[in-house]
Amino acid sequence: SNAGYGPPSPGFYPSTKFRSLTFNRCFKTLWGPSHQSINNDALDIWLDSSSGSGFKSTRPFRSGYFGASIKLQPGYTAGVITAFYLSNNEAHPGFHDEVDIEFLGTTFGKPYTLQTNVYIRGSGDGTIIGREMKFHLWFDPTQNFHHYAILWSPRDIIFFVDDVPIRRYPRKSATTFPLRPMWLYGSIWDASSWATEDGKYKADYRYQPFVGRFTNFRAGGCSAYSSPRCRPVTASPGRSGGLSKRQYMAMKWVQRNHMVYHYCMDSKRDHSLTPECWN
């Protein structure tokens, strides 16, 4: 699987186009304040047997680029999820939108799984319609910081790893696309029931604390309070806002070599609820 090689150059680097955010000015602690520490705009959040931790942007957005450089805990991390995501679940409980980057912890010698997901209008009602795509990375995400980002525009959602697009979720209809304002969150928590090999391996607190490190927050976009004339940001060099040919080539390389799950290709799923999977 081209081990040892990275993806072809996407030719365009959206992370360089957006300004750095200071944590204290742009975020607030949501839960687990005793399980957070900030040094020079680098944030550590951790999970132990007493608590995990999470943070949230002070303002909601209606579109934008949202990135952070993240370094994950090495070793045994089964059951632990480190997450960076957009959501409006506090504004619309049981009926919310969410766009996720989640790192699913793992057992010794096995790679982390990066899961991307999009929920639209309600995933707390027993009718959870997930749109999971899962990847193994072409590097060890515990060794260094790498930049992970979500670009949410009125036309599509694009997920990036080190400026390489790994997934594009297009707006096919108003019912399959998040259109209400969302806040940006990060968290680390125990999801033993499902995170690692469908719950086969659980969190083991002999290895605590499990630490997620976040730095180099970058964002730009239209807040929910921006003027209606605010122009959505773009992730591409072209005027149209669509990905370039080189960006598509890099994305195809990632999906061919490193994608390990695609909800549209899962025969156990009911695809009547995900019309974007139909050709």
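As the structure is a prediction and not an experimental result, all values here were calculated from the model.

*Asks:* Explain the UniProt feature "active site" (unreviewed entry) in the chain to me, please; I cannot follow it from the model alone.
*Replies:* Feature annotation in UniProt assigns "active site" (unreviewed entry) to the following positions: Glu98 and Glu102. The topology assignment puts Glu98 in strand β8 (residues 98-104). Each residue touching Glu98, except ones within four places of it in the same chain, is listed here: Tyr85, Leu86, Ser87, Asn117, Val118, Tyr119 and Met182. At 2.8 Å, the side chain of Glu98 forms a polar contact with the side chain of His96. Residue classification places Glu102 among the buried positions, given a relative accessible area of 7%.

*Asks:* Just to check I follow, could you spell out the pattern of salt bridges for this structure?
*Replies:* Pairing of side chains with opposite charge becomes possible as their charged atoms draw close. Under the defined criterion, the tally for this structure stands at 10 salt bridges. Salt-bridge contacts for Lys56 lead to Glu90; the nearest nitrogen and oxygen are separated by 2.9 Å. Of the two residues, Lys56 sits in strand β5 (residues 53-57) while Glu90 sits in the loop between β7 (80-87) and β8, which places them 34 residues apart along the sequence. Under the relative-accessibility criterion, Lys56 is labelled buried at 8%. For Glu90, a relative accessible area of 45% gives the class partly exposed. Across the pair Lys268 and Asp266 runs a salt bridge whose closest N-O atoms are separated by 4.0 Å.

*Asks:* Can you walk me through the sheet that holds β7 in this structure?
*Replies:* Strand pairing within a sheet occurs via backbone hydrogen bonds; the two strands may be parallel or antiparallel. Strand order in the open sheet formed by 8 strands is β2-β5-β14-β7-β8-β9-β10-β16, with antiparallel pairing between adjacent strands. Of all the strands in the sheet, just β2 (27-31) and β16 (259-262) have a single pairing partner and so form its edges. Neighbour-to-neighbour, the strand axes of the sheet open up by a mean angle of 15°, direction not taken into account. In this structure, β2 lies alongside β5, joined through 4 bridges in antiparallel fashion. Looking at the pairing, Trp31 lines up with Gly54 of β5.

*Asks:* Hey, could you run me through the state of the cysteines in this one?
*Replies:* Summed over the entire model, instances satisfying the criterion amount to 2 disulfides. Bridging Cys222 to Cys230, the disulfide has an S-S length of 2.1 Å. Measuring the twist about the S-S bond at about -95°, one finds the Cys222-Cys230 disulfide to be left-handed. In this model, Cys264 is linked to Cys277 through a disulfide, with the two sulfur atoms separated by 1.9 Å. Around the S-S axis, the bridge from Cys264 to Cys277 shows a dihedral of about -75° and counts as left-handed. A residue pair is termed long-range when its members are at least 10 positions apart, and Cys264 in the segment after β16 and Cys277 in the segment after β16 qualify at 13 residues. With a relative accessible area of 16%, Cys277 lands in the buried category. Taken in N- to C-terminal order, the disulfide-linked cysteines of the chain are connected 1-2, 3-4.

*Asks:* Mind showing me how you'd approach the nonpolar core here?
*Replies:* Side chains of a nonpolar character, in soluble globular proteins, are inclined to be buried together. Within the largest apolar cluster, 51 residues are counted, with the highest numbers of intra-cluster contacts made by Phe103, Leu114, Trp138, Tyr148, Ile157, Phe214 and Phe217. Grouped together as the second largest cluster of nonpolar side chains are 10 residues, Ala149, Leu151, Phe160 and Val233 included.

How each quantity is defined
- Residues numbered from 1 in each chain as written.
- Predicted model: local features only at pLDDT ≥ 70, side-chain atom pairs only at ≥ 80, totals over all residues.
- Heavy atoms only, no water.
- UniProt positions renumbered as here; feature names shortened; annotations may be inferred.
- Helix = DSSP H or I, 4+ residues; strand = E, 2+ residues; numbered from the N terminus.
- Contact = heavy atoms within 4.5 Å.
- Polar contact = N/O pair within 3.5 Å; in protein donor to acceptor, adjacent residues only side chain to side chain.
- Buried < 20%, exposed > 50% of the residue type's maximum accessible area, 1.4 Å probe, protein only.
- Salt bridge = Lys/Arg side-chain N within 4 Å of Asp/Glu carboxyl O.
- Pairing = 2+ DSSP bridges.
- Axes fitted to C-alpha atoms, helices over the stretch in contact; angles between N-to-C directions.
- Disulfide = S-S within 2.5 Å.
- Core = buried A, V, L, I, M, F, W, Y, C linked by side-chain atoms within 4.5 Å.

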